[in-house]
Amino acid sequence: MNNKTNIIVTLLFAASCAFVSCDDWTDVESIGIKQPGIEEQNPELYAKYLENLVVSHPL
């Protein structure tokens, strides 16, 4: 019976250490990601797109 208790206590201790040690890795950090739009990537193509949009779908 003593051997079984030692195994259970050891497993519980190992599981609790595993949960505590992962605590620092799960912090949420914001990072700055700049995703340029189409007007910044290719302004000429975007201007042509807008012209074609206005011509093909007049108000």
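Before reading on, note that the structure itself is shown above.
Treat the numbers as computed from the prediction; the structure is a model and nothing was measured.

Engineer: Please clarify how the overall build of the protein should be interpreted in this entry.
Structural biologist: Of regular secondary structure, the protein possesses 3 helices and 0 strands. When the helices and strands of the protein are read in sequence order from the N terminus, they spell out α-α-α. Going through the 59 residues of the protein one by one, you find that 0% of them count as buried. If you sum the accessible surface of the protein, you get close to 6000 Å²; carbon and sulfur atoms cover 63% of it.

Engineer: Looking at this structure, how should I read the pattern of salt bridges?
Structural biologist: Any two side chains of opposite charge can pair, so long as their charged atoms come close to each other. With the rule as written, the count across this model stands at 1 salt bridge. Between Lys34 and Glu40 there is a salt bridge whose closest N-O contact spans 3.1 Å. On the basis of relative accessible area, Glu40 is assigned to the partly exposed category, the value being 48%.

Engineer: Could you clarify how one ought to interpret a nonpolar patch on the surface in this entry?
Structural biologist: On the surface, a cluster of nonpolar side chains totalling about 260 Å² of accessible area is made up of Tyr49, Leu50 and Leu53. Checked against the element boundaries, Leu53 lands in helix α3 (residues 43–56). Taking relative accessible area as the criterion, Leu53 reaches 35% and is therefore assigned partly exposed.

What counts and what doesn't
Residues numbered from 1 in each chain as written. Predicted model: local features only at pLDDT ≥ 70, side-chain atom pairs only at ≥ 80, totals over all residues. Heavy atoms only, no water. Helix = DSSP H or I, 4+ residues; strand = E, 2+ residues; numbered from the N terminus. Buried < 20%, exposed > 50% of the residue type's maximum accessible area, 1.4 Å probe, protein only. Areas by Shrake-Rupley, 256 points an atom, 1.4 Å probe, with all protein chains shown as cover. Salt bridge = Lys/Arg side-chain N within 4 Å of Asp/Glu carboxyl O. Patch = residues over 30% accessible without salt bridge, like charges linked within 9 Å, V, L, I, M, F, W, Y side chains within 5 Å.

Note that every value here comes from positions in space, so none of it alone points to a role or purpose.
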